[in-house]
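Observations on chain architecture
Residue strings, one per chain:
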Amino acid sequence: MGPEILRDLTFDIPKKSFQFLTGPSGAGKTTLLRLLFLSLQPTRGLIRMFDRNISTIPRDEFPMLRRRVGIVFQDFRLLDHLTTYENVALPLRVRGKEESSYRSDVLELLGWVGLGERINVLPPVLSGGEKQRAAIARALIDRPEILLADEPTGNVDPPMARRLLNLFLELNRLGTAVVIATHDLSLMDQVEARRMILSQGRLDIYE
Amino acid sequence: MSEARVTDRSQPAAPQERKAPLRVRPTAPIVPPGNVSGNALMLVIAIMAFLACLTLGAVSMVRSTAQSWQSQISREITIQIKPDEKLDMEKALADARDLAITFDGTTDGTIVDKAATSRLLEPWLGEGLDIDDLPVPRLVIITIDEQNPPDFVSMRKALTEAIPQAYLDDHRTWVDRLVAMAHTTALIGTGVLILVFSAMVLTVIFATRGTLSGNRHIVEVLHFVGAEASFVASEFQKHFLKISLKGAGAGGVLAALCFALASFWQSRSLATPESDQTTAMFGSFSIGYTGYLGIAAIMVVIALLTTLTARFTVMRTIYEIDLIRSDPARIDGNQS
């Protein structure tokens, strides 16, 4: 068994809340996000999600739970053979929706994140910041109940970071709980929000 | 959310010039349609299908040839009459034939005349042979009903009593040897067929899994954006079904063409020395409609095999992704 990354954490993510998750590199921010996204199970302890204990949820129910959670991966995880538009529309496509029913929504969101002119471009041609925005748009497209973002402004310039933060805030105002894992102090300083600071496997929360 | 975007679009931080909207390209399949590993898999499937079809055709040819040898030789028996000074050979031949065809199970009797006997001996004794100068045994060929053969023991006894110089050869020794050979040949053929089929199955399974391993990231992304395992599996199944149908189709059609061409060549060159020798060695190249049905069946089996392998591999990949949750030793993500 490897080293214990996180221990003695007790916290909740209230509905419609907004918080930053921060801490030094290696503190376990990504691990915590993965635990919240059901892609890791804790060695011990209890995680309840949407009022259910995740360790007792059958595997075939994970997809339905994941559909209620949006995630922005640190490494984007865009599919290189699909265009920006197709990548962003992917969550809707896998839910079996007709393309005509979501086309305008996807195009509108892409326009808002500044990728309106890049809809037919494949990810290898996109810059780091553009990939970042495409990954954010994909996480937002189906209006998740909770959004987990791992360093979502790590590859964008300050004006675009501000704009993306506005997008997260707007999404939060519409009812989505948002957790942003970031190192970016200037980003956190722009918003009065709950701060969860991970350090040496422990979590301190500043409301 | 759309309301928020409309509101925010008016903010100065998001200046956007009004341009004609771009057209979205037709939606691409979730699994990329063509790549190097996919083409390699198609080639592997085509080669294995071709080999399996050729083996199937060859084995069925060998079996039918062995059966035809056995059937031809067991359809006739021979009465040999040795020359004797006191014997009127022509009368003895006629008597032997008449006696033999009185038995139930015989259908016809033919005396091998002097000319035919000379031709039989020509390779050894040369042309222009006068058969009367030599004490050469003469033959009567009796055709029998294979399904209801005569009683050879009684026939032999009756012939020996009537013509002491007569000897009945029912070809039993040859038939027994041929039956044994035919069985052995068929057994070897079946063994080769099983080996080739096993190789085909394993090659197709491993090639499919190899190709899928290059697409693991697609499975992961689909899984994480909320796709159900059955959806992911069906996307990959469709993709691999297309590859396998193309590969198996190419291999099977090529094998069928080979047999059709060989059969055509054989029918066009009947009675030529080349064709006669080839026919004697390998029998007829025609594999009949059952052979072509077998080729079609191989193509279907390969397509099913590839599709099922793709399904199981995708399901297993998803299971492994979920398994990482419960196995701390397999935490492979970034820890920042």
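Conventions used here
Residues numbered from 1 in each chain as written. Chains lettered and ligands numbered in written order. Predicted model: local features only at pLDDT ≥ 70, side-chain atom pairs only at ≥ 80, totals over all residues. Helix = DSSP H or I, 4+ residues; strand = E, 2+ residues; numbered from the N terminus. Buried ≥ 20, exposed ≤ 12 C-beta atoms within 10 Å, placed from the backbone. Contact = placed C-beta atoms within 7 Å. pLDDT = per-residue confidence, 0-100. Pairing = 2+ DSSP bridges. Axes fitted to C-alpha atoms, helices over the stretch in contact; angles between N-to-C directions. Parallel < 35°, antiparallel > 145°, perpendicular 65-115°, else oblique. Left-handed = near helix turned anticlockwise from the far one by under 90°. Nonpolar A, V, L, I, M, F, W, Y, C, P; charged D, E, K, R; others polar. Core = buried A, V, L, I, M, F, W, Y, C linked by C-beta atoms within 7 Å. Expected span 1.5 Å × (residues − 1).

What follows covers the overall build of chain A. Per the secondary structure count, chain A includes seven helices and eight strands. Within the span of chain A, comprising 207 residues, buried residues form 43% of the whole. When contacts within chain A are restricted to residue pairs at least 6 apart in sequence, those whose partners lie at least 24 apart make up 73%.

All names here are of chain A. Take R194: it is sitting in strand β7 (residues 194-199). Between the C-alpha atoms of R194 and Y206, which are twelve residues apart in sequence, the distance is 5.8 Å. Those residues in contact with R194 that lie beyond four places of it in its chain are S17, F18, Q19, I205 and E207.

A few words on the confidence of the model for chain B. All names here are of chain B. Overall, the prediction assigns chain B a mean pLDDT of 79, with 84% of residues at 70 or greater. Overall, residues 1-16 carries pLDDT values under 50, and its contacts beyond four positions in sequence, including any with other chains, amount to 23 contacts. Our summary of model confidence lists the complex with pTM equal to 0.70 and ipTM equal to 0.86.

For the rest of this paragraph, the subject is the sheet that holds strand β8 (residues 202-206) of chain A. Residues and elements named next belong to chain A. Judged by pairing direction, the sheet is mixed, and its six strands sit side by side in the order β4-β5-β6-β1-β7-β8 without closing on themselves. The sheet is open, and its two edges are formed by β4 (69-72) and β8, each paired on a single side. Averaged over all neighbouring strand pairs, the angle between strand axes comes to 15°, with direction disregarded. Of the strand pairs in this sheet, strand β1 (residues 18-22) and strand β6 (residues 177-181) are connected by four bridges, and their pairing is parallel. In the strand pairing of β6, F18 is matched with V178. In this fold helix α5 (residues 128-140) packs onto β4 and β5 (146-150), with an angle of close to 175° to the strand it touches most, β4. Along the sheet, helix α6 (residues 158-173) makes contact with β1, β5 and β6, crossing β6 at roughly 155°.

Here we come to the sheet that holds strand β4 (residues 166-169) of chain B. Residues and elements named next belong to chain B. The sheet built from four strands is open, its strands ordered β2-β3-β1-β4 with antiparallel pairing. Among the strands making up the open sheet, the edge pair consists of β2 (106-111) and β4. Each strand axis lies, on average, 20° off the axis of its neighbour in the sheet, ignoring direction. In this structure, β2 lies alongside strand β3 (residues 138-144), joined through five bridges in antiparallel fashion. Counted as the bridge partner of T110 is I141 from β3. In the packing of helix α3 (residues 89-100) onto the sheet, contacts are made with β1 (76-81), β2, β3 and β4, and the angle to β3 comes to roughly 15°. Across the face of the sheet, helix α5 (residues 152-162) comes into contact with β1 and β4 while running at roughly 165° to β4.

A few words now on the packing of helix α8 (residues 229-268) of chain B against helix α10 (residues 288-323) of chain B. Residue and element names in this part refer to chain B. One can describe the packing of α8 onto α10 by two numbers: an axis separation of 8 Å at closest approach and a directional angle of 155°. Relative to α10, the element α8 is oriented roughly antiparallel. As for the relative orientation of α8 and α10, their crossing is right-handed in sense. The residue makeup of the contact of α8 with α10, split by class, is 23 nonpolar, seven polar and one charged.

Okay, the pairing of β3(B) next. All names here are of chain B. By the alternation rule, side chains of β3 split into R138, V140, I142 and I144, which are all buried, and L139, I141 and T143, of which none is buried. As paired elements, β1 and β3 share six bridges and run antiparallel to each other. Pairing of E76 across the sheet is with T143, part of β3.

All names here are of chain B. Formed by 104 residues in total, the largest nonpolar core has its most connected members in I45 and A49. In terms of residue count, helix α2 (residues 36-74) provides more of this core than any other element does, 13 residues in total. When sequence neighbours within four positions are dropped, the list of residues in contact with I45 reads V204, S244, G247, A248, G251, I302 and T306. Counting 15 residues, the second-largest nonpolar core is a separate cluster that includes L93, A100, L159 and L168.

Let us look at unusual backbone geometry. Residues and elements named next belong to chain A. Of note in this structure, D51 is not a glycine but carries a positive phi near 65°. You can see D51 is positioned in the loop between β2 (48-49) and β3 (52-53). Phi at F76 takes a positive value of approximately 65°, unusual for a residue other than glycine. As for its placement among the helices and strands, F76 is situated in the loop between β4 and α3 (84-94).

Glancing now at α6(A). All names here are of chain A. Look at α6: 22 Å from first C-alpha to last across 16 residues, which is about the 22 Å you get at 1.5 Å a residue. Turning to α6, its buried residues number three or more, namely A161, R163, L164, L165, L167, F168 and L171. Where α6 is buried, its residues touch α4 (99-112), α5, β5, β6 and α7 (185-189). One or two steps after α6, the chain reaches G175, where phi turns positive at roughly 115°.

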